[in-house]
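Here are the chains, one letter per residue:
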Amino acid sequence: MTIVNIDDLREAASRRLPKLFFDYIDGGSFAEETCRRNREDFSHLSLRQTILANSADPDLSTDFLGRQHALPFMLGPVGFLGLYSRNGEQKAARAAEAAGIPFALSTFSIASLSDVRETSNGILHFQLYVLDDREFAEELLHAARDANAEALHVTVDTAITAIRERDVRNGFRSLTRLTPRLLASLCRKPAWLFDIAQGGMPSVRAVRHRPDFGSGALEQAANLSRRIDKRLAWSDIARLRDRWKRKLVIKGILSPDDAEKAKAIGVDGVVISNHGGRQLDGAMSTISALPGIRAAVGPDFSLMLDGGIRRGSDIIKALGSGADGVMLGRAYTYGLAAAGQAGVAQAIDTLRREISIALTLMGCGSIEELKRRGPHFVTKMRTPE
Ligand SMILES: Cc1cc2nc3c(=O)[nH]c(=O)nc-3n(C[C@H](O)[C@H](O)[C@H](O)COP(=O)(O)O)c2cc1C
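Worth saying up front: this structure is predicted, and the values here are computed from it rather than measured. (Residues numbered from 1 in each chain as written. Predicted model: local features only at pLDDT ≥ 70, side-chain atom pairs only at ≥ 80, totals over all residues. Heavy atoms only, no water.)

Participant: Where do I start with the packing of aromatic side chains in this structure?
Facilitator: Any pair of aromatic rings gets described here by the distance separating the centres and the angle formed by the planes. Going through the model one piece at a time under the given rule, you end up with eight aromatic pairs. Relative to Phe213, the ring of Phe136 has its centre 6.0 Å away and its plane inclined at 35°; by these criteria the two rings are tilted. Placement of the pair is Phe136 in helix α7 (residues 134–146) and Phe213 in the loop between α10 (190–197) and α11 (217–226), with a sequence separation of 77 residues. Joined through ring pairs, the aromatic side chains of Phe21, Tyr24, Phe80, Phe108, Tyr129, Phe172 and Trp192 make up one cluster. In this arrangement the basic side chain of Arg246 is found over the ring face of Trp244, its NZ or CZ atom lying 5.5 Å from the centre. For the cation-ring pair, Arg278 lies above Tyr24, with the distance from its terminal atom to the ring centre recorded as 4.9 Å. (Phe/Tyr/Trp six-rings, centres within 6.5 Å; stacked < 30°, edge-to-face > 60°. Helix = DSSP H or I, 4+ residues; strand = E, 2+ residues; numbered from the N terminus. Lys NZ or Arg CZ within 6 Å of the ring centre and 35° of its normal.)

Participant: I keep staring at unusual backbone geometry and nothing clicks. Help me out?
Facilitator: Glycine aside, residues mostly have negative phi angles, and peptide bonds mostly take the trans form. The phi dihedral of Phe80 is positive, around 60°, even though this residue is not glycine. With respect to the secondary-structure elements, Phe80 resides in the loop between β4 (73–75) and α4 (81–84). Look at Phe80 and you get buried, because its relative accessible area is 5%. In the Ramachandran plot, His275 falls in the positive-phi region, its phi being about 60° despite a non-glycine side chain. Among the structural elements, His275 can be located in the loop between β9 (269–272) and α14 (286–297). (Buried < 20%, exposed > 50% of the residue type's maximum accessible area, 1.4 Å probe, protein only.)

Participant: Would you take a moment to explain the packing of helix α1 (residues 6–16) against helix α16 (residues 330–362) for this structure?
Facilitator: Closest axis-to-axis distance for the α1/α16 pair is 10 Å, and the angle between their directions is 170°. Classed by the angle they form, the pair α1 and α16 counts as roughly antiparallel. Contacts between α1 and α16 pair Ile6, Leu9, Arg10, Ala12, Ala13 and Arg16 from the former with Ala331, Tyr334, Gly335, Ala337, Ala338, Gly343, Gln346, Ala347, Thr350 and Leu351 from the latter. Taken together, the residues of the contact of α1 with α16 break down into 10 nonpolar, four polar and two charged. (Axes fitted to C-alpha atoms, helices over the stretch in contact; angles between N-to-C directions. Parallel < 35°, antiparallel > 145°, perpendicular 65-115°, else oblique. Contact = heavy atoms within 4.5 Å. Nonpolar A, V, L, I, M, F, W, Y, C, P; charged D, E, K, R; others polar.)

Participant: Would you mind showing me how to read the site of the ligand here?
Facilitator: The ligand sits among 21 residues. The nearest are Pro77, Ser106, Thr155, Asp306 and Gly308. The separation between an oxygen atom of the ligand and a polar main-chain atom of Pro77 is 2.6 Å. Note that an oxygen atom of the ligand is positioned 2.8 Å from one of the backbone N or O atoms of Arg330. Surface burial for the ligand is 98%, taken as the share of its 600 Å² of free accessible area covered by protein chains. Its residues assigned to classes, the shell around the ligand comprises six nonpolar, 10 polar and five charged. (Near = heavy atom within 4 Å. Polar contact = N/O pair within 3.5 Å; in protein donor to acceptor, adjacent residues only side chain to side chain. Areas by Shrake-Rupley, 256 points an atom, 1.4 Å probe, with all protein chains shown as cover.)

What is shown is where atoms sit, not what they do.
Shown next, in the form of C-alpha cells:
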C-alpha cells in the first residue's frame, strides 16, 4: 500500500501486528471518548492563511525543555516498543537521533537504558513510573544518569490502570503466558512473528533480574502496572527534585492548578497529557486544556503537550496555542510496528513535511515566529449561532 500519512502507517501497523498488540496501542479506556476528543478538538482551531509572504522553507528548529532541537516535536514514552518490532526501543532512538530530536524511553521497555545508549548517541530522556518498591526507582535513576539521560519524565496519571475494553476482550491483561489461543493469534502474523522470534522470548530488561515480577514480557507487564505506587504524592515529587538535578518533567497534567503546583515545587516543565485517552475517560482533550494552563503558569515555564497528534497541522495548533513542544505517542509507534526504524523515520518525515507546507502557506517563516505570534496564526473557530 502507498503510505502518505500517519493514518496509512496505522493501517499498515494493523496488518502487520497481532490484533491484541494493535488494539493495545490503538485503544483508549472505556468508551474511548477522551481518545476521540484529543483528535476532534484540533478541528475547532483554524490556521490563518497569508499570501505573498516569502515564507518558503521555514525554519523548523526550536527550543523546548531548555535546549534547541531540529524539530518542534519529540518521541514520547511508549511501553513495550520491542514487542511491536525487534529492538524497537533502539530503532526509535536511532530514528530520533537522525532527525535531531529526543527519544523518551519508557520504564516499561523491552530494552534497558544502557541497551539504547549503546546503539544511539542521540538525546535521551527517561520516563519513570514510581513503583511501590522505591529501591527499584533508585536503580532506574542511577541507570538514567549512567546513560546520560538529559530529562526525567515522571508519569503521574497512572496510579491505577483504567479498563481498556479492547484489551479485556482480547484477554490482553490476563494473558501472562503463551496459551494455544495466543499462539494461534501470533501465528496469523508470520512476518511479525519471524522478526520477534529472532530475539528469543521478549522480556522487560529492567526487571529481568527480579523473579518477583515473573518472566516474559506479558507477565512482567501485568506485574509492573499493578505495582505502580498508588500513593505517590507531591512530597515524593519534591524529594525526586532533590535527587535528580537534570531536567525534571511531570507528565500527565490536565489542570491549571496542578500545573501551578508543579511549577511551585521546582520542576522544569510539565507534559499536558491524558495518557492518550487511555486513563480517565471523559477527561478534556489536551489541546483544550492548554490555554488555561499556559495562562496559569506564565510565558516562561516549559509546557509540552501530547495526545492525538497525527498531522503537522496539529503540532502547529499546539505551538500556536502556547505549547513549547509536542510529544508523539501512537503516531511513531504505528510507524515502528509497520516498518521498524524506517517506519519511525517515515512518521517523523511525514510530520516534518506537513508542518513545513502549512507554515509556508500560512506565511510564517519559522516555528519561533509561530510561537511568538501564536494567536495571530491559530484562532478558535466561531461556532454557528
Ligand atoms: C501503547 C502505548 C503505551 C504507552 N506507554 C506509556 C508508558 O509506558 N509511559 C508513559 O508515560 N506513557 C505511555 N503512553 C502514553 C504516551 O506517552 C502518550 O501520553 C500518548 O500516547 C499520547 O497520545 P497519542 O498516542 O494520541 O499521541 C503510552 C501510550 C501508548 C499508545
